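# Structural overview
One letter stands for each residue in the lines below.
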Amino acid sequence: MGTIVCQTCNNTIDYFEDEKVTILYGQCNCSSCEQTEDLD
Ligand SMILES: [Zn+2]
């Protein structure tokens, strides 16, 4: 199973089907992430 994790706050955003354990990093829509949007 694959997991999508927020790279800013480490919240689990979503899951997706995968043969192996995979972690992808994205960004969720929480307020703290919006505030740190410019740090990338
Ligand atoms: Zn977040």
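Residues numbered from 1 in each chain as written. Predicted model: local features only at pLDDT ≥ 70, side-chain atom pairs only at ≥ 80, totals over all residues.

A few words now on the overall build of the protein chain. Secondary structure summary: the protein chain contains 1 helix and 3 strands in total. Looking at the protein chain as a whole, 0% of its 40 residues are labelled buried. When contacts within the protein chain are restricted to residue pairs at least 6 apart in sequence, long-range pairs at least 24 apart make up 12% of them. (Helix = DSSP H or I, 4+ residues; strand = E, 2+ residues; numbered from the N terminus. Buried ≥ 20, exposed ≤ 12 C-beta atoms within 10 Å, placed from the backbone. Contact = placed C-beta atoms within 7 Å.)

It is worth spelling out the environment of C6 at this point. Residue position: C6 is located in strand β1 (residues 2-6). On the basis of neighbour count, C6 is assigned to the partly exposed category, with 18 C-beta atoms found within 10 Å. Non-local contacts of C6, meaning those with residues more than four positions away in its chain, are made with N11, I13, G26, Q27, C28 and C33.

Let us now look at the pairing of strand β3 (residues 22-26). Within a regular beta strand, the side chains point alternately toward one face of the sheet and then the other, so they alternate between its two faces. The buried fraction of β3 amounts to 0 of the 5 residues, a small share that puts the element mostly on the outside. Both β1 and β3 contribute to a ladder of 5 bridges, which runs parallel. Counterpart to G2 in the pairing with β3 is T22. (Pairing = 2+ DSSP bridges.)

Here the focus is the sheet that holds β1. The strand order β2-β1-β3 describes an open sheet built from 3 strands, whose pairing is mixed. In the strand order of this sheet, the two ends are held by β2 (12-16) and β3, each with one partner. On average, each strand axis in the sheet is tilted by 25° relative to the strand beside it, whichever way the strands run. Relative to β2, β1 is paired through 4 bridges, and the arrangement is antiparallel. In the strand pairing of β2, V5 is matched with T12. (Axes fitted to C-alpha atoms, helices over the stretch in contact; angles between N-to-C directions.)

So yeah, pure geometry; function would need other evidence.
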